[in-house]
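What the coordinates show
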Amino acid sequence: MNTPQNLVDAVNRIKPRVILVLDTNVIMKFPWLDRLGIGASGPFLLVVPILVDGELRKLRKDKDERTRKKALRAHWVTSKLYKQGNPPNPPTGIELGNDRWLITVSAPASASFNVLEDEQARSDKGKVDAALLRMTAAYTQDFPDVSTLFVTEENDLRRIADITDGLSACKLSELRSSGTFENISREIGPSRLPDVDEAVAALLDPDNERQVRIAMTLEELRSERDDLIARGSGGLTYDGNRYPFRWKFPYKNLSVYNWLSNDIPDNAYVVMSLENVDFMGADERLTEDVRRYVCSMLEDANESNDLQSPLTKFRISMNWHTEMGSTRGGALYGGPLSEIQKQRLTPEEAEKIDNLRIRHDRHVQSLFDGSAESVGREYREAFQLSEADNELWGYGPYEYNEHYWDLETSLIEFLDEALGAWSIGETREAEYTHTPFPSLEDDEEASADDEEEVGEETE
């Protein structure tokens, strides 16, 4: 058996219906694992490999600002979930509620590489992918009565899992479909782990990589009931050829929600239909994988809320800063003191803190509802009142991303995020690396054609 003992113990104790192995990109896209949308009854065991957690830590210092922010958010959210694993919760899985359990594990060691990859993410992405596939293969083999599903946003990696080992893999949005769980492979056949390191190296051969470049212009943004409809044009460059296209993308209009409440929908699961991209007669000259990069670019823009109106993006940024603490200097945010908190204070201290919080919330509310006469002044007052609250509790300066934030740093970060909305007439560009190799369906069709040709020759 190649599965780590703590996972074996967790499976024996929880008896999950499905083991979900989560890739780094999935956690960065939707780190609230306790609220993961799953279209089937559980229980479910969510596995976060230690190497994925290590990769997430590295990405917090990535050069790309958007990647860095998503990694920071994911690390902050998952750290709170990991803290639930303290006693009295058992070490073999953290109960998240809603029939979901969370566990971190090491990857099965490879014959070619030492166990260092179990402790931290390697710089070579291929070896991280190989380790994730080894984990999925090990669990599929060691738990024949439990379904194992690898969840990743990488199209190529899902295809590798299917082609090389017959493993079950899906992307995050597919977890919501009950059909995803009806066709999960329960065994991989061979009694030993396949050499997925060599398979990944062969299929992700850098010599086979192709660059996909996309330039996309937003031309129209209109509301329709509770949705927004974005439309525009663009061009996709692949293998030296440029293919113009038109696109339309419907998604949720978040301006109708109160950003101080908990009824805001999750944007991570929005999936754009390929039917909404028109390559004007050139569709057949591009594979579905290549065309889908257009959808991915728009899905990413929606997830980062860049396709919302500037005012909505402003409110979203304010909500983020309120939750993460940037406007409060590190103090515990939220309304009047609880009775338990009051027990730690004198009546005078409790009254002073309550007054500070009432004033603080008034400034924050003005930023949310648009009534603030001066954004800078209201933000400054909220930050300074939070710092005063913080000092009364005996806390130090607010620390985030391994450095202390002062008012200027916090305000600049807030405004940069708030002004990131995609404006009408603006063109955005993206570049993707595509590794073309035949899908399982292509292989089957080729085999069928070969068999027909052989049959004809025999006749």
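Heads up: the structure comes first, above all this text.
Description of the structure in this document. (Residues numbered from 1 in each chain as written. Predicted model: local features only at pLDDT ≥ 70, side-chain atom pairs only at ≥ 80, totals over all residues. Heavy atoms only, no water.)

1. Side note on the packing of aromatic side chains
This is how it is decided: Centres within 6.5 Å are what make two rings of Phe, Tyr or Trp a pair, Trp counting through its six-membered ring; a difference in plane orientation under 30 degrees is then read as stacked, over 60 as edge-to-face, and the rest as tilted. Relative accessibility thresholds used throughout: buried, under 20% of the residue-type maximum; exposed, over 50%; partly exposed, between the two (1.4 Å probe, protein chains only). Under the scheme used here, helices are H or I runs from DSSP no shorter than 4 residues and strands are E runs no shorter than 2 residues, and both carry numbers assigned from the N terminus.
Taken as a whole and judged by the stated rule, the model has six aromatic pairs. Ring centres 5.3 Å apart and planes at 70° place the aromatic pair F30 and W32 in the edge-to-face group. Given the relative accessible area of 0%, F30 is considered buried. Plain terms: the ring middles of F44 and F181 are 5.8 Å apart, the flat faces sit at 55° to each other, and that makes the pair tilted. One end of the pair, F44, is in strand β2 (residues 44-49); the other, F181, is in the loop between β6 (169-170) and α7 (196-203), with 137 residues separating them in the sequence. Given the relative accessible area of 1%, F44 is considered buried.

2. Considerations on the pairing of strand β1 (residues 18-22)
The cut-off we apply is this: With the strands pointing away from the viewer, any crossover whose connection runs clockwise from the first strand over the helix to the second is right-handed. Paired strands, in this sense, are two strands between which DSSP finds at least two bridges.
In terms of residue burial, β1 counts as a mostly covered element, since five of its five residues are buried. Of the two faces of β1, the one holding V18, L20 and L22 and the one holding I19 and V21 are both buried throughout. Handedness of the β-α-β unit built from β1, helix α2 (residues 24-29) and β2 comes out right-handed. Pairing of β1 with strand β5 (residues 147-151), which is carried by five bridges, proceeds in the parallel orientation. Bridged to V18 within β5 is S147.

All we've got here are geometric facts, nothing functional implied.
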